[in-house]
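# Coordinates in review
Residue-level listing of the chains:
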Amino acid sequence: MIQIDKQLIRDLYDKAVVNPRLRQNMDLRNSPDDGGQRMLNALMPGTVVPIHRHPHSNETVICLSGKLVEVIYEEDDIAKDFPMGMDAQDVPSGKRFMESARYMLDPSLGNFGCVVPAGAWHTVEVIEPSVIFEAKDGKYGKDGSETLADYDNKAKATSTTPFINSLGDLKKNIEYIIGMERQSGNIDTPTPQDIARILNVSVEEVEQCMKEMSL
């Protein structure tokens with residue numbers, strides 16, 4: 001039997017704080033062949049959990065200790081002159097992912113958890129060291145779960161819609177690509193060569209724009 005007590009929580013915190021990802025999970029399944037997923041997850045402030053979704057299952061999240069925010073996004077079409085903002089953008093697929101809800105999980109206030117609907121894009125923002133219990137249906141690695149970066153890469157591979165790259169539009173697209181990379185946890189700015197390949201424009205045009213943008 002596994003006893004979930006203060007000592008176990010402390011042990012998870014100790015492992016999370018030295019983990020380069022600033023988080024540590026504990027698998028609660030019977031075996032890797034289980035048809036569902038159950039775990040404890042210790043998360044430290046500063047950990048980056050990429051925006052992701054589980055298409056075929058709700059996800060139950062119970063906060064055992066600490067404080068964090070569950071952030072939900074909705075998918076919407078991007079208008080021709082879509083506005084700039086803090087939204088997660090996926091330019092190739094013509095979609096915009098708008099933050100639609102925030103749920104504070106804090107057991108000291110009686111806010112113990114939430115159920116994330118199947119297919120909802122979501123992430124967490126960790127306010128203070130936290131341990132959560134997570135459960136969802138589907139075998140790990142075969143449940144269709146995907147990050148926004150995975151979705152974006154598939155959209156890039158299948159997209160046949162050309163970009164409209166006037167000077168203003170090119171700057172917007174560069175900003176959105178950089179934003180997408182940072183949303184996926186990559187803090188390095190994409191190279192002009194990478195951006196030029198994605199946008200199907202010349203490297204010189206991208207270099208000039210990035211210079212004007214002080215990138």
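Further up the page is the structure itself.
Report follows, based on the coordinates. What you see is a predicted model; the values in this text were computed from it and never measured.

## Here we look at the packing of aromatic side chains
- Going through the model one piece at a time under the given rule, you end up with one aromatic pair.
- When the centroid spacing of 5.4 Å and the interplanar angle of 70° are considered together, the rings of Trp-121 and Tyr-151 count as edge-to-face. Of this pair, Trp-121 sits in strand S8 (residues 121-137) while Tyr-151 sits in helix H2 (residues 148-158), placing them 30 residues apart in sequence. The same class applies to Trp-121 and to Tyr-151, which are both buried.

## Some remarks on the environment of Val-203
- With respect to the secondary-structure elements, Val-203 resides in helix H5 (residues 203-212).
- It is 5.9 Å that separates the C-alpha atoms of Val-203 and Pro-192, two residues lying 11 residues apart in sequence.
- The contact partners of Val-203, leaving out residues within four places of it in the chain, are Pro-192, Gln-193 and Ala-196.

## Re the state of the cysteines
- With the rule as written, the count across this model stands at zero disulfides.
- Among the cysteines around Cys-63, which has no disulfide bond, Cys-114 carries the closest sulfur, lying 9.8 Å off.
- Residue Cys-63 is classed as buried on the basis of its relative accessible area of 3%.

## Things to note about unusual backbone geometry
- Its identity is not glycine, yet Leu-22 carries a phi of approximately 60°, on the positive side.
- For Leu-22, the location among the structural elements is in the loop between helix H1 (6-18) and strand S1 (23-27).

What counts as what
Residues numbered from 1 in each chain as written. Predicted model: local features only at pLDDT ≥ 70, side-chain atom pairs only at ≥ 80, totals over all residues. Heavy atoms only, no water. Phe/Tyr/Trp six-rings, centres within 6.5 Å; stacked < 30°, edge-to-face > 60°. Helix = DSSP H or I, 4+ residues; strand = E, 2+ residues; numbered from the N terminus. Buried < 20%, exposed > 50% of the residue type's maximum accessible area, 1.4 Å probe, protein only. Contact = heavy atoms within 4.5 Å. Disulfide = S-S within 2.5 Å.

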